[in-house]
Amino acid sequence: MTPVEQHPPRRTRLPAAERRESVLAAAAEVFAEAGYHAAKVSHIAARVGVSEPVVFQNFGSKQALFTAVLERAAGQARASLADAAGRSGSAGGLLGHVLGQAGHAHEPTGLGEPAPGSDGPAAGSHGPHASPGALFAAAVALAADPAVPEMREPLLAALAGHLADIVRRGQRDGSVRHDIDPGTAAWLLVSVLATRSLRDAAMPAGQAAAVVRLTARLLSPEPA
């Protein structure tokens, strides 16, 4: 009997939308890890398991890919925060969870109680089950990169606007002090998130976490 010739399994071709999403997910990880300038499209392609030309066929250029990653990260962060804010639990606790991504996620910030279901992977996780704080921190970190200045301002403004809405909710439920401007508080949170890498590189041990705790205290209601 003639032996049956063995052929390697044929690679399944992903639908265009699924392939695009896979590239964006890998690009978000690579850009967050390496920054825009150091990130290589070849590394993104290898992480997905496609050739580099496939990435360019879908996005045209590294800058266009980075812009798409920013938009995706912002959308995920807004959706995740909106979902968590809609659950039971204080808005202040949700803000504390977001703020925790600016320091050490395992350390409590002291700002309210975490909203149920807001716990998730540690900072740096960008998958579909990443925590609201991790997704928001990732969006801010990517937007803070100077590579795409035309995207930075509208993206950060949109994220700050969403945070301001959560601050207002916290003021209504008593988990955030009522005598602060929600917009100012939101931009304070964005600023603390965006400068984490600077603190990690320059601050003495323990000071980074202290900055996060101090920020949380500024937002917390005064004790009765």
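Our subject is the structure that appears above.
Only a predicted model underlies this, so the values are computations on that prediction, with no experimental measurement involved. (Residues numbered from 1 in each chain as written. Predicted model: local features only at pLDDT ≥ 70, side-chain atom pairs only at ≥ 80, totals over all residues. Heavy atoms only, no water.)

*Asks:* Would you explain the overall build of the chain in this entry?
*Replies:* In terms of regular secondary structure, the chain is built from ten helices and zero strands. The order of α-helices and β-strands along the chain, N terminus first, is α-α-α-α-α-α-α-α-α-α. Taking all 224 residues of the chain together, the buried fraction comes to 44%. Of the contacts formed within the chain by residues at least 6 apart in sequence, a portion of 64% connects residues at least 24 apart. Taken as a whole, the chain presents about 11,800 Å² of accessible surface, with 56% of it coming from carbon and sulfur. (Helix = DSSP H or I, 4+ residues; strand = E, 2+ residues; numbered from the N terminus. Buried < 20%, exposed > 50% of the residue type's maximum accessible area, 1.4 Å probe, protein only. Contact = heavy atoms within 4.5 Å. Areas by Shrake-Rupley, 256 points an atom, 1.4 Å probe, with all protein chains shown as cover.)

*Asks:* Please explain the side chain of Ser220 as it appears in this structure.
*Replies:* Structurally, Ser220 is set in the segment after α10 (207-219). Among the polar contacts made by the side chain of Ser220, one reaches the main-chain carbonyl oxygen of Ala216 at a distance of 2.8 Å. (Polar contact = N/O pair within 3.5 Å; in protein donor to acceptor, adjacent residues only side chain to side chain.)

*Asks:* Even after reading the chapter, I still don't get a nonpolar patch on the surface, so can you show me in this structure?
*Replies:* Nonpolar side chains collect at one region of the surface, where Leu188, Leu214 and Leu218 lie side by side and expose about 240 Å² of accessible area between them. If you trace the backbone, Leu188 turns up in helix α8 (residues 182-194). Exposure remark for Leu188: the relative accessible area of 31% places this residue in the partly exposed category. (Patch = residues over 30% accessible without salt bridge, like charges linked within 9 Å, V, L, I, M, F, W, Y side chains within 5 Å. Salt bridge = Lys/Arg side-chain N within 4 Å of Asp/Glu carboxyl O.)

*Asks:* What should I look at first to understand the environment of Gly183 in this one?
*Replies:* Position of Gly183 relative to the elements: it lies in helix α8. Gly183 sits 19 residues away from Ala164 along the chain, and the two C-alpha atoms are 5.2 Å apart.

*Asks:* What is the right way to read α8 from this model?
*Replies:* It helps to recall that an α-helix has 3.6 residues per turn; residues three or four apart then point in one direction. Spanning 13 residues, α8 covers 18 Å between terminal C-alpha atoms, matching the ideal 18 Å at 1.5 Å per step. Among all positions of α8, only Pro182, Ala185, Ala186, Leu189, Val190, Val192 and Leu193 are buried. Projection of α8 onto a plane perpendicular to its axis shows the buried side chains occupying an angular sector of 165°, all on one side. Taking the backbone nitrogen of Gly183 as reference, a side-chain oxygen 3.2 Å away marks Asp181 as the first, capping residue of α8. (Expected span 1.5 Å × (residues − 1). Arc of directions from axis to C-beta.)

*Asks:* How should the packing of helix α5 (residues 91-100) against helix α7 (residues 149-173) be read in this particular structure?
*Replies:* The axes of two packed helices give the description: the angle between them and the distance between them. α7 packs onto α5 with a crossing angle of 140° between their chain directions and a minimal axis gap of 7 Å. The angle between α5 and α7 falls in the class oblique. Contacts between α5 and α7 involve Ala91, Gly92, Leu94 and Leu95 on the former and, on the latter, Leu163, Ile166, Val167, Arg169, Gly170 and Asp173. Among the residues making up the contact of α5 with α7, the classes are represented as six nonpolar, two polar and two charged. (Axes fitted to C-alpha atoms, helices over the stretch in contact; angles between N-to-C directions. Parallel < 35°, antiparallel > 145°, perpendicular 65-115°, else oblique. Nonpolar A, V, L, I, M, F, W, Y, C, P; charged D, E, K, R; others polar.)

*Asks:* Got a minute to help me understand the packing of helix α1 (residues 16-34) against helix α2 (residues 41-48) in this structure?
*Replies:* α2 packs onto α1 with a crossing angle of 130° between their chain directions and a minimal axis gap of 9 Å. Put simply, α1 runs oblique to α2. Our pair here, α1 against α2, has a crossing hand that is right-handed. Contacts between α1 and α2 involve Ser22, Val23, Ala26, Ala27, Glu29, Val30, Phe31 and Glu33 on the former and, on the latter, Ile44, Arg47 and Val48. (Left-handed = near helix turned anticlockwise from the far one by under 90°.)

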